[in-house]
Amino acid sequence: MTLSFLIAGVQKAGTTALYDHLRAHPALEAPAQKELHFFDDEARDWSQPDYAALHGHFSDPARRWFEATPITLFWPGALARVRAYRPEMRLILLFRDPIARAYSQWCMESARGDERLPFAAAIGPGRARLPPGAPRAPAWRVFSYVERGFYGAQLDTALALFPRRQMLLLDAAGLASEPVPTLRRVTDFLGLAPLAAVADLRANVRLPAAFPSAPDTDSVTHLRALYRDDLALFTALSGIDVSAWPTMSGLGSSTA
């Protein structure tokens, strides 16, 4: 018995809400905790992986197993390990405007006390905190605000490992604004009956707080330029209409 599918990305794009919705489906079993961080665990011996440690989170072989670790799409090597585990794995990937996603992650790390820099510094000079080379150092889990938003490159890697038919790509805005049809797309993709009821789940909503900074004009301009080419690639690969994403504003026809 192996896992049937993964919610594999991206962070701060509604993965907790989708996880909670799908946990309510009678045909599915999920672990008690979200984010098992199995396939991105660098402490494991990946030459001889112990899948019993993963399967120990599940107990009912009559149901289909799944879990949600949103760093899976981003973390180098994680999807290759997923493919080695189950080449037929289905992947659900949610995406969100990359600037909004970066700021949401920064707010989370600031609230946790792990981030002391204002947003402009964190997405500017603060990127020097990420060791160069393969991003496996712990800093890449915390300070990768900008890097996690290069969806085109990440999706390109995923498509080199899995056929497109095994992936469901969603704009997170749809799950928030139109949960019923969006969840129907998910259950159809998985070959499941629709959910009997759809609750209004808004998981991990950022609470009002006096964060020390917000994205200023210079930061937004800087990030739009960084994401320009990658967003064009993402649009071509995903087919997702990103024209309403704030990052697209002012980017011009090159991203069409």
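This report concerns the structure included in the present document. By convention here, each chain's residues receive numbers from 1 onward along its written sequence. In keeping with the predicted nature of the model, local features appear solely for residues at pLDDT of at least 70, side-chain atom pairs appear and are counted solely at 80 or more, and the whole-chain, interface and lining totals rest on all residues. Based on all heavy atoms of the structure, the side-chain values leave hydrogens and waters out of the count.

1. Let's talk about the nonpolar core
Consideration 1: Counting 75 residues, the largest nonpolar core has Ile7, Leu18, Leu22, Ile92, Phe95 and Phe234 as its most contacted members.
Consideration 2: Any pair of residues with heavy atoms lying within 4.5 Å of one another is described as a contacting pair. Setting aside residues up to four positions removed in sequence, Leu22 forms contacts with Phe5, Ile7, Leu28, Phe66, Ile92 and Val186. Residues enter a nonpolar core if they are buried and are Ala, Val, Leu, Ile, Met, Phe, Trp, Tyr or Cys, with the set joined through side-chain atoms within 4.5 Å. Burial classes: relative accessible area under 20% of the type maximum marks a residue as buried, over 50% as exposed, and values in between as partly exposed (1.4 Å probe, protein chains only).

2. Observations concerning helix H3 (residues 78-85)
Consideration 1: Here a helix means four or more residues in a row that DSSP labels H or I, a strand means two or more in a row labelled E, and each is numbered from the N terminus. Every buried residue belonging to H3 is among Ala78, Leu79, Arg81, Val82 and Tyr85, and all of these are buried. Seen from one end, H3 has its buried residues packed into an arc of 155°, which puts them on one side.
Consideration 2: Considering only its buried residues, H3 is in contact with strand E1 (5-9), helix H2 (52-55), strand E4 (90-95) and helix H7 (151-161). For this quantity, the arc is that covered by the directions from the helix axis to the C-beta atoms.

3. Concerning the packing of aromatic side chains
Consideration 1: To pair, rings of Phe, Tyr and Trp, with the six-membered ring standing in for Trp, must have centres within 6.5 Å; the planes then decide the type, stacked if under 30 degrees apart, edge-to-face if over 60, and tilted in the middle. Across all of its chains, the model carries 19 aromatic pairs by this definition.
Consideration 2: Ring centres of Phe39 and Trp46 lie 6.3 Å apart, and the angle between their planes is 25°; on these two criteria the pair is classed as stacked.
Consideration 3: Among the residues examined, Phe39 registers a relative accessible area of 2% and is labelled buried.
Consideration 4: Aromatic rings pair up to connect Phe38, Phe39, Trp46, Tyr51 and Tyr85 into one cluster.
Consideration 5: Definition used: whenever NZ (Lys) or CZ (Arg) falls within 6 Å of the ring centre and also within 35 degrees of the ring normal, the charge is taken to sit over that ring. Here Arg90 stacks its cationic end above the ring of Phe189, 4.8 Å away from the centre of that ring.
Consideration 6: For Arg129, the ring lying beneath its charged end belongs to Phe143, and the centroid distance is 3.8 Å.

4. Considerations on the pairing of strand E3 (residues 64-68)
Consideration 1: Within E3, four of the five residues are buried, leaving the element largely enclosed by the surrounding structure.
Consideration 2: Pairing between strands is defined by DSSP: at least two bridges between the two strands are required. Where E1 and E3 come together, three bridges link them in parallel fashion. Note on E3: the bridge partner recorded for Leu6 is Glu67.
Consideration 3: The pairing of strand E2 (residues 28-29) with E3 spans two bridges and is classified as parallel.

5. Examining the sheet that holds strand E5 (residues 167-171)
Consideration 1: Taken in spatial order, the five strands make up an open sheet running E2-E3-E1-E4-E5, and their pairing is parallel. Looking along the sheet, the strands with just one partner apiece sit at the ends: E2 and E5.
Consideration 2: This element, helix H1 (residues 15-23), spans E1, E2, E3 and E4 of the sheet and lies at about 165° to E1. Axis geometry follows a simple rule: fit a line to the C-alpha atoms, using only the stretch in contact for helices, then measure angles between N-to-C directions, giving values from 0 to 180 degrees.

6. Section: the environment of Pro181
Consideration 1: In this fold, Pro181 is placed in helix H9 (residues 179-190).
Consideration 2: Its relative accessible area of 44% is what places Pro181 among the partly exposed residues.

7. A look at the pattern of salt bridges
Consideration 1: In what follows, salt bridge is the name for a side-chain nitrogen of Lys or Arg lying within 4 Å of a carboxyl oxygen of Asp or Glu. Counting across every chain of the model gives 10 salt bridges.
Consideration 2: The salt bridge partner of Glu42 is Arg136, with a shortest N-O separation of 2.9 Å. Of this pair, Glu42 sits in the loop between E2 and H2 while Arg136 sits in the loop between helix H5 (119-122) and helix H6 (139-142), and the two are 94 residues apart along the sequence.
Consideration 3: Overall, Glu42 belongs to the partly exposed group, its relative accessible area being 31%.
Consideration 4: A salt bridge links Asp60 to Arg63; the shortest N-O distance between them is 3.1 Å.
Consideration 5: Here the salt bridges share partners, and the residues they tie into one network are Glu42, Arg81 and Arg136.

8. Digging into the packing of H7 against helix H10 (residues 217-238)
Consideration 1: Running from N to C, H7 and H10 point in directions that differ by 40°, and their axes come no closer than 7 Å. By the angle between their directions, the pair H7 and H10 is classed as oblique. Here Tyr151, Gly152, Ala153, Leu155, Asp156 and Leu159 of H7 come into contact with H10, specifically with Asp230, Leu233, Phe234, Leu237 and Ser238.
Consideration 2: Here the contact of H7 with H10 is built from residues that sort into seven nonpolar, two polar and two charged. Note on terminology: angles under 35 degrees are roughly parallel, angles over 145 are roughly antiparallel, angles of 65 to 115 are roughly perpendicular, and the others are oblique. For this scheme, ten residues count as nonpolar: Ala, Val, Leu, Ile, Met, Phe, Trp, Tyr, Cys and Pro. Four count as charged, namely Asp, Glu, Lys and Arg, and the remainder, Gly too, count as polar.

9. Digging into H10
Consideration 1: To obtain the bend at a residue, axes are fitted to the seven residues ending there and to the seven starting there, and the angle between these axes is taken. Within H10, the axis deviates most sharply at Arg228, by approximately 50°.
Consideration 2: The complete set of buried residues in H10 reads Ser219, Val220, Leu223, Tyr227, Asp230, Leu231, Phe234 and Ser238.

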